[in-house]
Amino acid sequence: MANTAIIKGGKVIKTTGFDDLMFSVTEGFLMSFRVGNITYSHFNKGELRTDEAAYQKEDIAGYFDEKQFLEYLITPSVYVSNLRRFTSFIEADENEEVNISLLDVKENTTTPGFYFPINKKCSFLYNPEVDYVNVDGKLNLTGPFTEEPFSFSDLSNSFYTTNLVFTLTSDDTETTKENAKFLALTAKVIENIDNRIFNLFSEFSNLIDEQKNYWELTPVFSDTSTLAEFENYYKSTFNFYRSAYRNQFNIQNATGVKKLFWLASVMSPNSLSILSEEIKLELLDFIVKNVLVRSIFSSIDYEKLIVSIVKSVTPLQVDTFLNGLVDTNKYGHFQFSLFLSIYSKIDDSILGIGNNNKREFVFALYELWKISEYNPYKNSTFNQTSLSKFIYNDKLATNPDTNNSFFSSILGLDNNTLYFDASPISLDYSSTSFAGFYFDNFKFYFSSLDEREDFDFDFRSYNNTKDAPQEKILAVKDDYVNNSSPGLYGTYHYYQSVSLVNTSQETIISLPVIEGNEDGNPENINSLIPIFVLKYIDDAGDESDFNTAVGYFIDVVSIAAGGYGFITKLKYLRTLSGFTEAVVAGTESGSAVLFSLYTTIASEFVNVSAATTSLLIKISENSIYANEPWFKWIKENILWIELFSAGGSVLAENMLKISAKKLVDDFNTGSWPDEFVSDARGVAARNTLVKIHGLANETVIALVNQYKSRIVNNVNSKISKSDQFEIRKILSGGIVSDDPLHTGVGLDQIIANGFSSGLIYDELEGLLAISYRKGKLVNGAYINKQISTENLITQTTTWATVIKPRKYPFKFNNLSEFNQFKNEMTDLIEDFGIPATDVRIQGSSLRTSLSKDVDIAIFIDEKQLGEIKRIIYKKLKGNYIDSKGVIDMIKYEAAIKRIEKQISKGYIKNRQFGELSTGKTFMQEFRDRQIFSQDLDISIIIKGKSFDTAPYLKF
């Protein structure tokens, strides 16, 4: 056994007396060793502190006391010249044996095309006259070489074998070998991370375990992965290892989000998904505020980390996460929101150089937006409440014709004034392409940052550009004013949706819009798109060849209502991931795999092929299916297939599974379309959908495991604050047993049913809390209000699949009748001086047809409570004034105490609303107006108190 090594610089030395030797598996050099109690590692000028590197004229590369060097990196008062450095190397003797081992790969003779890792060893006798290092600083080895198997840790071996299949290329064996080489190198780095870095994050053991599981079980690559992707993943993993290794004292001393930032930088979106939405926002906030601290974070790809965090957001986290991105009071930098700060900091590739991080960020946000409260067509059903989150109007933001008195004298539009309250819902948007570049007739500015200066300059002839509100998008239309100059068209929130009309078919991008209005009338809103996507399209089109900067999205305008003709836009080429293969090459014989979904339960892959996807598209274009109940789900399924193939986000994967489950459930309830039998792709496509359907059940199990404790804890917290609930089972007559109302298994069933029905955890928490309600005595008989596990599951399903989609409760015959009721009730509430800005239906009429009444809740904030009390107490006082104008203070104060007691519990009953000038109470006036023939219960509910429970339908 040779006791020699080659150190950096090429010198061959004796290693007698050295312990714990570590070698570079890519270069063969000795990188670290221990002498006595001191470990020496190789560092060079590029690893000095920033303040010292600038003054070093020579490369100070050498083997330094590792502990001293790592402490030096974080200690300004210590200089590199003060560090212990090992220089007492003893040159090897002539003809002394030298062994060099490098990590390489070799084709498996029993499985051609697959490469396995090997130790490539070179042994030779030392000759002092030979220079063993070439001009590039690399070892110059000529052989002979021997080979032996390379031994990985269990974690790294699982990572290698899980991803090995994706190294294969059909016609380039050299590329296949290079892919395998980078995969093997990555596996070695992962081994080093596990052995030397993860112990620095002991307080995040659950995240570390999740990341290990990800590396062991989930493919990082796909059939479409390129050599560059294998190389980049290796580099990014190595950069994390090297950076964390160099900064381990920083990491050990860090706490909270700062420490989590280091760990998150190597984690996958799947691993990051277990973090709460608040922690994800705090991570983004940390990145935005610290990204320029290059001396600490220079090796971490923060743009990639930002995208990974957004892609890790789960369906249940969407609304809170999107709200946080634009909340300048809680997050952000210098009064700029996280959304604006991130968008302005990350970049796309320029002419194919670099990564398209901004595109991935925007497209990931679009995925979140599509299922968020901001999408007026969330769940494929139009929701007026979501649309009403923003102000829309037909006002003009700029005088379009300065020579026409109609605009100035009648509409009052000043020629030199911009009107920032204008926000038309429809944009007369068109686009064309020329010589590979993209042009449209709108320009979109952020009202903050540098773009504000551009806007001010472009509109310098106007006198109030400084009045533009912050954190908005300003839509400017070309040739808007009669002198062919541009004009301000509207001012919009980042997430606000607009309707595109007259969109040119020449557009180089098939716009990512959503389903049309329910009645299918093309004059209605039927092509809504969030304006931040248009902003990105505009920016990308200005900066580079649009074909390389932006891919294509599915366009599903009005197709849910039978406007199937629009689906022909699907025939446009896609450039997102492998979707081109699906649309163009996915013929009856097409078998290319777009991506694989992994199931941890069955430990197998579900491959989604080009042929399967092309068959789904074929079915979606068949007009005979336009009125089938599953028609919209096949559109959804195709959309999420494309989105997942593009970015692989956690949300897209979950939504793909859910849409496949709903599609298969509908097919099984009715019948499968003929194409699944008559087409050559049919059997495979059906099997794929059925397998994904099974994965949806697995997703539900994972959701139960992840959110059960959170839901139960929140419910316990809510009901513990009120004596109107009882966790234990009430048998009869108010007698309480020691048994819990819902067992552990029962809770799993309730939560699983809710998630599989598409409910969010707020709704599940509310339904679960309601089930624990105590009963009451009525005419001497006890009425039990607790809901058994079986009945709660039934009522949950009824809410999710009947009431929520149709948007009106039991006791009403149709939506029209309910809408009339809402209008009349709103008028009545306002007549009593109570604000009707947030009125909701709660209670059993949302869950069961056996409901005895309709519960109406008028929601108010704590800050509104003072004004509400003032209104009520003023009316109340009139009830206790005698003919001489004297107030009976005893009765008045007793009445106030009754109200205050209600308020402490979170509500005010309608009998406290006072009387109208006619002397009638609320319920008397309700009956006199003949608003509704059924029984009604209406109260004021204080937000955040115990009666603030979902589910509900908003007015």
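Small disclaimer: the values here were computed from a predicted structure and weren't measured.

(A) Focus on the overall build of the protein. Scanning the protein from terminus to terminus reveals 33 helices and 29 strands. Residues classed as buried in the protein amount to 52% of the 955 residues present. Partitioning the contacts of the protein with sequence separation of at least 6, the portion at a separation of at least 24 is 67%. With an accessible surface of roughly 42,600 Å², the protein has 48% of that area assigned to carbon and sulfur atoms.

(B) Spotlight on unusual backbone geometry. Of note, the bond from Ala950 into Pro951 is cis; its omega dihedral lies within 30 degrees of zero at 0°. Structurally, the position occupied by Pro951 is in the loop between β28 (936–942) and β29 (953–954). Although it is not a glycine, Asp20 adopts a positive phi angle of roughly 50°. Structurally, Asp20 is set in strand β3 (residues 19–23). Unusually for a residue other than glycine, Lys811 sits at a positive phi of about 90°. Along the polypeptide, Lys811 turns up in the loop between α29 (789–806) and α30 (815–831).

(C) Representation of the pattern of salt bridges in the model. One pass over the full model with this rule turns up 43 salt bridges. Across the pair Glu231 and Lys235 runs a salt bridge whose closest N-O atoms are separated by 3.1 Å. Placement of both Glu231 and Lys235 in helix α6 (residues 227–246) is noted, with a separation of 4 residues, approximately one turn of the helix. On the basis of relative accessible area, Glu231 is assigned to the partly exposed category, the value being 25%. Overall, the relative accessible area of 41% leaves Lys235 in the partly exposed class.

(D) Layout of the pairing of strand β25 (residues 839–842). Along β25, one buried face is formed by Val839 and Ile841 and the opposite face, lined by Arg840 and Gln842, is buried too. Relative to β29, β25 is paired through 2 bridges, and the arrangement is antiparallel. Bridge pairing in β29 links Arg840 to Lys954.

(E) Broad picture of the sheet that holds β28. Spatial ordering of the open sheet is given by β27-β28-β26-β25-β29, a layout of 5 strands whose pairing is mixed. Unpaired on one side and paired on the other, β27 (907–909) and β29 mark the two borders of the sheet. Where β27 and β28 come together, 3 bridges link them in antiparallel fashion. Paired with Lys909 across the strands is Ser939, a residue of β28. Most of the contacts of helix α31 (residues 862–878) go to strand β26 (residues 854–860), to which it runs at about 110°, and overall it touches β26, β27 and β28.

(F) Focus on the packing of aromatic side chains. Here the structure, examined in full by the defined rule, presents 64 aromatic pairs. Arranged with centres 6.1 Å apart and planes meeting at 40°, the rings of Phe152 and Tyr160 form a pair that is tilted. Classification of Tyr160 as buried rests on a relative accessible area of 3%. Pairing Phe339 with Phe532 gives two aromatic rings, centres 5.9 Å apart and planes at 75°, and the pair type is edge-to-face. Residue Phe339 is located in helix α14 (residues 338–345), and its partner Phe532 is located in helix α19 (residues 531–543); the two are separated by 193 residues in the primary sequence. Through a chain of ring-to-ring contacts, the aromatic side chains of Phe339, Tyr343, Phe361, Tyr374, Phe390, Phe446, Tyr494, Tyr495 and Phe532 assemble into a single cluster. Stacked on the ring of Phe810, the Lys or Arg Arg806 has its end atom at 5.2 Å from the ring centre. For the cation-ring pair, Arg840 lies above Tyr952, with the distance from its terminal atom to the ring centre recorded as 4.2 Å.

(G) Inspection of the sheet that holds strand β15 (residues 473–477) at higher detail. Overall, antiparallel pairing links the 3 strands, which are arranged β14-β15-β16 in an open sheet. Each having just a single partner strand, β14 (442–446) and β16 (487–492) make up the two edges of the open sheet. Across this sheet, the average inter-strand angle for adjacent strands is 25°, counted without regard to direction. Bridging between β14 and β15 involves 5 bridges; their strand directions are antiparallel.

(H) Main features of a nonpolar patch on the surface. Residues Phe406, Ile410 and Leu411 make up a contiguous nonpolar surface patch of about 300 Å² in total accessible area. Following the sequence through the fold, Leu411 ends up in the loop between α17 (405–410) and β11 (426–427). Overall, Leu411 belongs to the partly exposed group, its relative accessible area being 43%.

(I) Region of the structure containing the pairing of strand β4 (residues 30–35). Relative to β4, β3 is paired through 3 bridges, and the arrangement is antiparallel. Bridged to Met22 within β4 is Ser32. Linking β3 to β4, which pair antiparallel, is a turn of 6 residues; within it Gly28 sits at a positive phi near 90°. The pairing of β4 with strand β5 (residues 38–43) spans 4 bridges and is antiparallel. Residue pairing in the sheet places Phe33 in a bridge with Tyr40 of β5. A loop of 2 residues connects β4 with β5, the two strands running antiparallel in sequence, and Gly36 in this loop sits at a positive phi of about 65°.

(J) Region of the structure containing helix α26 (residues 682–720). The terminal C-alpha atoms of α26 lie 54 Å apart, and with 39 residues this matches the ideal 57 Å at 1.5 Å per residue to within 8%. In the structure, α26 departs most strongly from a straight axis at Tyr707, where the bend amounts to approximately 50°.

(K) Summary view of the packing of helix α8 (residues 256–264) against helix α10 (residues 277–290). In the contact formed by α8 and α10, the axes pass within 10 Å of each other and the chain directions differ by 90°. In terms of axis orientation, α8 runs roughly perpendicular to α10. Together, Val257, Lys258, Leu260, Phe261 and Ala264 of α8 and Ile279, Glu282, Leu283, Phe286 and Ile287 of α10 make up the contact between the two elements. Taken together, the residues of the contact of α8 with α10 break down into 8 nonpolar, no polar and 2 charged.

(L) Expanded view of the environment of Ile899. Of note, Ile899 is situated in helix α32 (residues 889–905). Using a relative accessible area of 1% as the deciding quantity, one classes Ile899 as buried. In this structure, the C-alpha to C-alpha distance between Ile899 and Tyr873, residues 26 residues apart in sequence, is 9.4 Å. With residues up to four places along the chain from it excluded, the contact list for Ile899 reads Ile872, Tyr873, Leu876 and Gln912.

(M) Spatial organisation of the environment of Ile309. Relative to the helices and strands, Ile309 resides in helix α12 (residues 302–311). Taking C-alpha positions, Ile309 is 9.9 Å from Ala364, a pair spaced 55 residues apart along the chain. Those residues within four positions of Ile309 in sequence are excluded, and the remaining contacts are Leu272, Lys280, Leu283, Leu284 and Ile287.

What counts and how
- Residues numbered from 1 in each chain as written.
- Predicted model: local features only at pLDDT ≥ 70, side-chain atom pairs only at ≥ 80, totals over all residues.
- Heavy atoms only, no water.
- Helix = DSSP H or I, 4+ residues; strand = E, 2+ residues; numbered from the N terminus.
- Buried < 20%, exposed > 50% of the residue type's maximum accessible area, 1.4 Å probe, protein only.
- Contact = heavy atoms within 4.5 Å.
- Areas by Shrake-Rupley, 256 points an atom, 1.4 Å probe, with all protein chains shown as cover.
- Salt bridge = Lys/Arg side-chain N within 4 Å of Asp/Glu carboxyl O.
- Pairing = 2+ DSSP bridges.
- Axes fitted to C-alpha atoms, helices over the stretch in contact; angles between N-to-C directions.
- Phe/Tyr/Trp six-rings, centres within 6.5 Å; stacked < 30°, edge-to-face > 60°.
- Lys NZ or Arg CZ within 6 Å of the ring centre and 35° of its normal.
- Patch = residues over 30% accessible without salt bridge, like charges linked within 9 Å, V, L, I, M, F, W, Y side chains within 5 Å.
- Expected span 1.5 Å × (residues − 1).
- Bend = angle between axes of the 7 residues up to and from the residue.
- Parallel < 35°, antiparallel > 145°, perpendicular 65-115°, else oblique.
- Nonpolar A, V, L, I, M, F, W, Y, C, P; charged D, E, K, R; others polar.

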